[in-house]
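A look at the structure
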Amino acid sequence: MSYNDALMKPTNVGDPNYYHRVVDCQWACPAHTNVPEYIRMIAQGRYTDAYLLNRESNVFPGILGRTCDRPCEPACRRTRVDGKPVAICRLKRVAADNRDEVKHLIPTAPAVKNGKKIGLIGAGPASLTVANDLTPLGYAVTILEKLPRPGGLMRINIPAFRLPEQVLDEEIGYIVDMGVEVRYNSPVDSLKALLDGGEFDAVFVGSGAPKGKELDIPGRHDTDQIFIGIEWLESIHFGHVESVGKRVLIIGVGNTAMDCCRSSKRLGATDVKVIARKTRKYFKASPWELEDAEEEGVEIIENLQPVRFIIENGVLTGMEFDKFRSVETAQGLQQEIIGREILPCDTVVLAIGQDNAFPFIEREIGLEFGKWDMPVVDKTTFMSTRPGVFFGGDAAFGPANIIWAVEHGHQAAISIHNYCQGVPLAERPASGMTLASTKMGLHEWAYSNNYNSAQRQKMAHVELPVRFASMSTEVEKGFTAEQTRAEVERCLNCDMETHFIDALCIECDACIDICPVDCLTITPNADEPDLRTRFAAPAENLDQPLFVSGQLKQTGRVMIKDENVCLHCGLCAERCPTYAWDMRKFMLQIPYAGATVIPLTAV
C-alpha cells in the first residue's frame, strides 16, 4: 500500500510524545510529573518513593500538594467516565505527609565545583528550581533575596491556613541545604551594577510579579481603608495588619481574591463580599477556592463594576457599582448596564490582578522590553536579549502559578548550563521513554486493571470556629488512610499503554468484541476525518490522537483506536490469541540540566 494524503500513515509509537499525550494528566502538567506511577506507589504504601518521584519534576510536592492550580485534573481521563477527576493534587500531599525522612536522599553540591558562578534574583519557586538543578552539577549558586526568608510569593501571599510555614521551610530547606548561598535582606537595585560587578557567569531573574493592579476611580486616595491585595497579604504575613473592618469588599475574583476574603474572616470581618464583573463561568479563581470561600460564609456577587468609593468625612462607608445584565451569545458574554447599586463597607481590598515591576533593570543595558513593559524572553531558552541573563516564573511572561514557575526553572537551568559550557542554547536534551510489558500471566497484569466505581473522596476540613481563631490553622486535614485507598483505585493507569504489533494480528475481531467502550475497529485505511467515523461511537475529540496500525497482512486493512475513551483495562490484550495486543508500561524520561537522554523503546 502506498500512503498519500487520503490515507493515514501508521502511528509512530516510537515517538515519546505519542504515548505521553495519552497520559492526559502528565501531558497537561507543565512539569510533566509522572502521576500514574506515583499514585501506584501510594497504593503500595511506598510514600517515600512517591514523594521522591514527585520531587524529580515538581520539586515541591508538599507545597504543591496544597496549593497547585491542578492543570492535571481537568485533563484526567476519569472525568470522561463519571465526571470527577482523580484527586491528583491531594494524593500528592498524601505522599508528602506520610513519607520518611528524605534529606539524605536529596542531591548535594559536589566537593569540587566547576568554576562557574550563577546569580539568582529572588528566592521564589523559579529561582529555587534553578538552584535545585544546577547546584548538584558543581555550580556555585547564590540567591539574592530582598526579604529575610526564602519562598517569594509562596511565603508572603499564600496564607498559612492553606500552606503551613513548616511545609515551606522543609521543602525550601532541601534546596538551600544542598550548598546554595542565600543572601537575605539583599534587594537588587541595579541589574547593570550586578552584571558589571563580574561576580556571576550568568544571572537568572525570578523576581515574580510583585505589583498589584490599581483601580483609579473617584475616592481611591481619600481614605486609608483601601488596600492592594498582594501587598495586604504580605502585611498580614509580617504582622503589620492584625484587624480589618467588619464589612469587607474584595474587588476581583482570582485566587488572590479568595486568599484575601478568607483572610478577612480570620481578622474579624463578619460581612465579606467578593465582587465580580462577569458571571461565574469567567471567574479566574479555581473552583475549589471558590467553594472553600463560600463554605466560610463569603458571598460572591456577580455582574457589578466599580464606579466610585463613597467617602464621608474621610471615612470609607461604601462603594457604588454599575449593575449588569449578562447574556451568553454565540459571540460570548454580552453585558448591558441596567442600573446602579451601592454596597456598604468599612474596608476594600483590590485583587484585580498583578503586574510585573522591574525598577531595578536599566533600559540601556541591551535587554529589550516589549508589550506591557515586559522583558523580551525566548519561550524555549528563557534567555533575554542580553546574553547570559535569563528570566523565569512570573517575571518571564506574567503571573501564572507555582507549577509553571517550576517548569520555567527547569528549562532555564538547561539553558544556563548550556550557556556556561559553550553549548548552543537551542540544543535541548531530548526526551526519551521506556516501554515494558506488564503481563504476568494469562489474565494477570502488573497493575490494578479492574474499573473501580468509587466516587471522588471529599476533603475533610476543620470546624469553622477553629479555623477562624487563627491565621495559621490549616483548613484541610488531608486524606485518611481509608480515603487514600479509595482514591488511588480511581486512577485508570493511563500510562499502561495498549501496544499493538500489526504483524501478529490475525483479524479475529476478539479485541473489538470485548472492548467495553468500543474504541477499536479494523477498517480499510482512509483520511483521518473519515476514519474517525468508523467506530461504533465516533471519535469526535480532535484533541486526542487516533492510533492507526500498519497494513494488516490478512486483508490490508488497518487497526484503529480512539485513544480518547480507552480505559486501559487490558481486556483487548487478555483476549488476543496471538499477543498482538500487549499492555506496556510507558515511562517518559524527562531531561534536566546536565543530563542527556537518548530516546529509546525497551520492550
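Structure first, text after, so check above.
Owing to the predicted nature of the structure, the values given are computational and were not obtained by experimental measurement.

Concerning the nonpolar core
Inside soluble globular proteins, nonpolar side chains tend to come together where they are buried. Among the nonpolar cores identified, the biggest contains 65 residues, and L134, L191, F391 and I416 are the most heavily contacted of them. Take this core: its biggest share by element is nine residues, from helix α17 (residues 402–421). Residues V13, Y38, L435 and C572 belong to the second largest nonpolar core, which totals 53 residues.

What about helix α14 (residues 255–266)?
In an α-helix, one full turn covers 3.6 residues, which means residues spaced three or four apart are oriented alike. Spanning twelve residues, α14 covers 17 Å between terminal C-alpha atoms, matching the ideal 16 Å at 1.5 Å per step. Judged by how many residues are buried, α14 sits mostly within the fold: eleven of twelve residues are covered. Every buried residue of α14 is accounted for by N255, A257, M258, D259, C260, C261, R262, S263, S264, K265 and R266. Contacts from the buried residues of α14 go to α13 (229–237), β7 (247–251), β8 (271–275), α15 (287–295), β13 (347–350) and α18 (464–468). Trailing α14 by a residue or two, G268 shows a phi angle of about 110°, which is positive.

A closer look at the pattern of salt bridges
Applying the stated criterion to the full structure yields 50 salt bridges. Among the salt bridges present, the one from R266 reaches E296, with a minimum N-O distance of 2.8 Å. Separated by 30 residues along the polypeptide, R266 in helix α14 and E296 in the loop between α15 and β9 (299–301) bring together distant segments of the chain. The exposure class of E296 is buried, given its relative accessible area of 2%. By sharing partners, the salt bridges in this structure join R162, D259, R262, R266, E289, D292, E295, E296 and R467 into a single network.

Side note on the side chain of R162
Tracing the chain through its elements places R162 in the loop between α10 (153–156) and α11 (165–176). Among the residues examined, R162 registers a relative accessible area of 12% and is labelled buried. At 2.9 Å, the side chain of R162 forms a polar contact with the side chain of E289. Once you skip the residues sitting within four places of it in the chain, R162 turns out to touch R66, T67, D259, R262, E289 and E474.

So, the sheet that holds strand β16 (residues 432–437)
Spatial ordering of the open sheet is given by β16-β23-β19, a layout of three strands whose pairing is antiparallel. Because the sheet does not close on itself, it has two edges, and the strands there are β16 and β19 (496–500). Each neighbouring strand pair of the sheet contributes to a mean axis angle of 45°, computed without reference to strand direction. Bridge count between β19 and strand β23 (residues 581–589): five bridges; the pairing is antiparallel. In the sheet register, T498 faces β23, and the bridge partner there is M583.

Focus on empty space enclosed by the protein
Scanning all chains against the criterion turns up five cavities of 30 Å³ or more. Approximately 130 Å³ is the volume found for the largest cavity. Among the elements of the structure, α5 (61–67) and α15 are those that each provide at least two residues to the lining of the largest cavity. Top element by residues in the lining of the largest cavity is α15. It accounts for three residues.

Looking at the pairing of β8
With four of five residues buried, β8 lies mostly within the body of the structure. With five bridges connecting them, β7 and β8 associate as parallel partners. In the sheet register, L249 faces β8, and the bridge partner there is K273. For the handedness criterion, the β-α-β arrangement of β7, α14 and β8 is classed as right-handed. Of the pairings in the sheet, the one linking β8 to β9 comprises three bridges and is parallel in character. Residue V274 lies in a different strand from β9, and its bridge partner there is I300.

Scoring rules and cut-offs
Residues numbered from 1 in each chain as written. Predicted model: local features only at pLDDT ≥ 70, side-chain atom pairs only at ≥ 80, totals over all residues. Heavy atoms only, no water. Core = buried A, V, L, I, M, F, W, Y, C linked by side-chain atoms within 4.5 Å. Buried < 20%, exposed > 50% of the residue type's maximum accessible area, 1.4 Å probe, protein only. Helix = DSSP H or I, 4+ residues; strand = E, 2+ residues; numbered from the N terminus. Expected span 1.5 Å × (residues − 1). Contact = heavy atoms within 4.5 Å. Salt bridge = Lys/Arg side-chain N within 4 Å of Asp/Glu carboxyl O. Polar contact = N/O pair within 3.5 Å; in protein donor to acceptor, adjacent residues only side chain to side chain. Pairing = 2+ DSSP bridges. Axes fitted to C-alpha atoms, helices over the stretch in contact; angles between N-to-C directions. 1 Å grid on protein atoms, 1.4 Å probe; cavity = no way out; pocket = protein on both sides within 12 Å on 5 of 7 lines; lining within 4 Å. Points joined across faces, edges and corners; volume = space filled by probe spheres on them. Right-handed = clockwise from strand over helix to strand, strands pointing away.

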